[in-house]
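Structure assessment
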Amino acid sequence: MNKINILTINNLHVSIDNQSIINGLNLSINEGEIHAIMGKNGSGKSTLAKVIAGHPNYKITKGDIILKGENINSLEPDERAHKGIFLGFQYPVEIPGVSNADFLRLGYNSIRKANKKTELDPLSFFDLINKKIQTVNMDSAFLNRNVNEGFSGGEKKKNEILQMSLFKSMISILDEIDSGLDIDALKSISNNINEQKNKCNALMLITHYQRLLDYIVPDYIHIMKRGQIVYTGNSTTAQRIEQHGYDFITS
């Protein structure tokens, strides 16, 4: 049985301030798959995540990003989110004056509205988010606090995973979700991510380290160098990198 394709990137070239960063990148991700993107600093990993999500500072000079058969090159970030792309940030920003509960409800309802579904009133959403927050082992007190304000690194990352759970996106891109986490927080967040994985969605992990991939086992590991994917292997690739470094893979 053929898997349904979620995301295809064809010959993508991207620049910022007239400097080329992505140079002819190709990638295909199907339903039910976990893909990990690895590579040295400056190889273009985080840029790729931002470009897929529609960051306005990056210019696509050539190539296509196809989501479920639709070219999304010209779509705004919110339109891409409505269509099923979620980006979890490496450094989630604080939003003073906006409660986490309001932020989550507005985001959730904007996706429902864009997909012509009934928006939830505050009470109905409160019931939903209280169930969701339990699944990620997060204290309900965080709902009343301002978005990420005063949160620890682990709490900020849990908040990203809470959003991922709530929005139920087709493809979730997690940019170094493991950075700044101790081993207990990493295990907890990895378990939460694994529980949300199913045969109808896909996951793209950007990471430097094997330790995350010990807990979330990818189907494919792609190595980036100079804005291209230069090597694709299975889950054992991370162990080879750990032992021999990237030059062993990309030489």
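A few points on the structure.

Thresholds applied
Along each chain, residue indices are assigned from 1 in the same order as the chain's sequence is written. Local features in this predicted model are restricted to residues whose pLDDT is 70 or higher, and side-chain atom pairs enter the listing and the counts only when it is 80 or higher, whereas totals over whole chains, interfaces and linings include all residues. Think of the side-chain values as coming from all heavy atoms in the structure, minus any hydrogens and water. Secondary structure is summarised from DSSP: a helix means a run of H or I of at least four residues, a strand means a run of E of at least two, and numbering begins at the N terminus for each. A radius of gyration in this sense is built from C-alpha atoms; the matching globule rule multiplies 2.2 Å by the number of residues raised to 0.38. Burial classes: relative accessible area under 20% of the type maximum marks a residue as buried, over 50% as exposed, and values in between as partly exposed (1.4 Å probe, protein chains only). Should any heavy atoms of two residues lie within 4.5 Å, those residues are counted as being in contact. Only the protein chains shown count as cover for residues, with accessible areas throughout obtained via the Shrake-Rupley method and a probe of 1.4 Å. His is not counted, nor are the chain ends, whereas Lys and Arg count as positive and Asp and Glu as negative. To locate a charge, take atom NZ for lysine, CZ for arginine, CG for aspartate or CD for glutamate. A 1.4 Å probe that fits into a set of points on a 1 Å grid over the protein atoms alone but cannot get out defines a cavity; an open set with protein on both sides within 12 Å along at least five of seven lines defines a pocket, and lining residues are those with an atom within 4 Å of a point. Grid points are joined across faces, edges and corners, and a volume is the space filled by probe spheres set on the points. Under the grouping applied here, Gly and all other residues not named as nonpolar or charged are polar, the nonpolar ones being Ala, Val, Leu, Ile, Met, Phe, Trp, Tyr, Cys and Pro and the charged ones Asp, Glu, Lys and Arg. In this text, buried Ala, Val, Leu, Ile, Met, Phe, Trp, Tyr and Cys residues form a nonpolar core when linked through side-chain atoms within 4.5 Å. For a helix, the expected span equals 1.5 Å multiplied by the number of residues minus one. When the centres of two rings from Phe, Tyr and Trp lie within 6.5 Å, Trp using its six-membered ring, the rings pair. Their planes under 30 degrees apart give stacked, over 60 give edge-to-face, and anything left gives tilted. Here, a salt bridge means any side-chain nitrogen of Lys or Arg that lies within 4 Å of a carboxyl oxygen of Asp or Glu.

1. Some words on the overall build of the protein chain
On a plain count of helices and strands, the protein chain comes out with 9 helices and 12 strands. In terms of C-alpha radius of gyration, the protein chain reaches 18 Å, essentially the compact-globule figure of 18 Å for 251 residues. Dimensions of the protein chain along its principal axes, counting C-alpha atoms only, are 55 × 45 × 40 Å. Per-residue burial over the protein chain gives 49% buried out of 251 residues. Across the protein chain, every contact between residues at least 6 apart in sequence was considered, and the portion connecting residues at least 24 apart equals 69%. As displayed, the protein chain offers around 12,400 Å² of accessible surface, 48% of which is attributable to carbon and sulfur atoms. Averaging the coordinates of the 28 positive side-chain charges in the protein chain and doing the same for the 27 negative ones gives two points 5 Å apart.

2. Here's the deal with the layout of surface pockets
Its volume calculated, the largest pocket comes out at about 620 Å³. Considering the residues around the largest pocket, the lining is formed by 27 residues, among which Ala81, Phe86, Leu87, Phe89 and Gln163 are closest to the centre. At the level of secondary structure, the elements contributing two or more residues to the lining of the largest pocket comprise α1 (45-53), α2 (77-82), β6 (85-88), α3 (100-114) and α5 (153-167). Residues of the lining of the largest pocket, tallied by class, amount to 16 nonpolar, 8 polar and 3 charged. In this structure, the second largest pocket spans a volume of roughly 330 Å³. Elements represented by at least two residues in the lining of the second largest pocket include exactly α2, α3, α4 (122-135) and α5.

3. Remarks on unusual backbone geometry
The phi dihedral of Asp17 falls on the positive side, at around 50 degrees, and the residue is not glycine. Residue position: Asp17 is located in the loop between β1 (5-16) and β2 (19-30). With relative accessibility at 72%, the residue Asp17 sits in the exposed group. Unusually for a residue other than glycine, Lys68 sits at a positive phi of about 50 degrees. Mapped onto the secondary structure, Lys68 falls in the loop between β4 (59-67) and β5 (70-71).

4. Side note on the nonpolar core
In this structure, Met38, Ile161, Leu174, Ile193, Leu203 and Leu205 are the most contacted members of the largest nonpolar core, which totals 38 residues. Leaving out residues up to four positions away in the same chain, Leu205 has contacts with Ile34, His35, Ala36, Ile37, Leu174, Leu212, Leu213 and Ile216. Counting residues in each nonpolar core, the second largest holds 31 residues, with Tyr58, Ile65, Leu75 and Ile171 among its members.

5. Brief notes about α3
Across its 15 residues, α3 extends 21 Å between first and last C-alpha, which sits within 8% of the 21 Å expected from 1.5 Å per residue. Of all the residues in α3, the buried ones are Asn100, Leu104, Gly107, Tyr108, Asn109 and Ile111. Where α3 is buried, its residues contact α2, β7 (95-99), α4, β8 (146-147) and α5. Looking one or two places after α3, you find Lys116, whose phi comes out positive at around 60 degrees.

6. Points about the packing of aromatic side chains
The way to describe two aromatic rings as a pair is by their centre distance and the angle between their planes. The full count for this structure, using the stated rule, is 3 aromatic pairs. With 5.7 Å between their ring centres and 45 degrees between their planes, Tyr108 and Phe125 make a pair best called tilted. Note that Tyr108 is positioned in helix α3 and Phe125 in helix α4, a separation of 17 residues in sequence. Both residues of the pair, Tyr108 and Phe125, count as buried. Their ring planes at 80 degrees and their centres at 4.9 Å tell us that Phe142 and Phe151 sit as a pair that is edge-to-face. You can call Phe142 buried: its relative accessible area is 10%.

7. Observations regarding the pattern of salt bridges
Inspection of the entire model under this criterion finds 5 salt bridges. In this structure, Lys3 engages Glu33 in a salt bridge whose closest nitrogen and oxygen atoms are separated by 3.6 Å. With Lys3 in the segment before β1 and Glu33 in the loop between β2 and β3 (34-39), this residue pair connects regions lying 30 residues apart in the sequence. Overall, Lys3 belongs to the exposed group, its relative accessible area being 52%. Judged by its relative accessible area of 3%, Glu33 is buried. The closest approach of N and O atoms between Lys156 and Glu94, which form a salt bridge, is 3.7 Å. Taken together, the positions of Lys156 in helix α5 and Glu94 in the loop between β6 and β7 put the pair 62 residues apart, joining distant regions of the chain. Under the relative-accessibility criterion, Glu94 is labelled partly exposed at 40%.

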